[in-house]
Amino acid sequence: MSKTDALLVDLATLVESGRSNQMSLTVVTGGTVITGRLAPEAVWRERVSEVLADSAQLGAFSAVFTNERPADGPPRHLHFHVARILQGTVGIPETGGMYRVAIEDVSAWTVGDFSYSDN
């Protein structure tokens, strides 16, 4: 069992308390690099719910994300939006996606996000 990074938990706690979506972070989890902005869980759930509700095939899943559960203790997950998985010289998806990452699974991280430029 790995030891959770207290500094990363503190960062996630600040994001949760401020309802801000401006904190950029890059993490390595399971050998995958994810880069983007963090959002409070409630904001992230709301946005995922909206995206699913707009889908004819996936609309029924929207309600799963609107059932908020009371927080018990410090955050255990990071909630990324406008995020990309870095693969070679591209970020997938190009427009950014919504990712939930368990803090205990993060093996490395840095403040800020990575982007690519053709310049």
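Heads up: the structure comes first, above all this text.
Because the structure is a prediction, the values reported are computed rather than measured. (Residues numbered from 1 in each chain as written. Predicted model: local features only at pLDDT ≥ 70, side-chain atom pairs only at ≥ 80, totals over all residues. Heavy atoms only, no water.)

1. Things to note about the pattern of salt bridges
Tallied over the entire structure, the rule returns 3 salt bridges. Linking Glu 41 and Arg 45 is a salt bridge whose minimum nitrogen-to-oxygen distance equals 3.0 Å. Taken together, the positions of Glu 41 and Arg 45, both in helix H2 (residues 41–53) and 4 residues apart, correspond to about one turn of that helix. A relative accessible area of 11% places Arg 45 in the buried class. Between Glu 50 and Arg 47 there is a salt bridge whose closest N-O contact spans 3.4 Å. Pair noted here: Glu 50 and Arg 47 are both in helix H2, with a separation of 3 residues, about one helical turn. The exposure class assigned to Glu 50 is partly exposed, which follows from its relative accessible area of 35%. One connected set of salt bridges, linked through shared partners, spans Glu 41, Arg 45 and Arg 100. (Salt bridge = Lys/Arg side-chain N within 4 Å of Asp/Glu carboxyl O. Helix = DSSP H or I, 4+ residues; strand = E, 2+ residues; numbered from the N terminus. Buried < 20%, exposed > 50% of the residue type's maximum accessible area, 1.4 Å probe, protein only.)

2. With respect to the pairing of strand S4 (residues 90–102)
Along any regular strand the residues' side chains alternate between the sheet's two faces. When strand S3 (residues 77–87) meets S4, the two strands line up antiparallel, connected through 8 bridges. Within S4, the position partnered with His 79 by the bridge is Arg 100. (Pairing = 2+ DSSP bridges.)

3. Considerations on the packing of aromatic side chains
Taken as a whole, this structure holds 1 aromatic pair when the rule is applied. Arranged with centres 6.1 Å apart and planes meeting at 65 degrees, the rings of Trp 44 and Phe 65 form a pair that is edge-to-face. Of this pair, Trp 44 sits in helix H2 while Phe 65 sits in the loop between H2 and S3, and the two are 21 residues apart along the sequence. By relative accessible area, which is 7% here, Trp 44 ends up buried. Owing to a relative accessible area of 22%, Phe 65 belongs among the partly exposed residues under this scheme. (Phe/Tyr/Trp six-rings, centres within 6.5 Å; stacked < 30°, edge-to-face > 60°.)

4. Describing the sheet that holds S3
Pairing is antiparallel across the open sheet formed by 5 strands, whose spatial order is S4-S3-S2-S1-S5. Strands at the two margins of the open sheet, each flanked by one partner only, are S4 and strand S5 (106–111). Shown here is a sheet whose adjacent strand axes are inclined to one another by a mean of 35 degrees, direction ignored. (Axes fitted to C-alpha atoms, helices over the stretch in contact; angles between N-to-C directions.)

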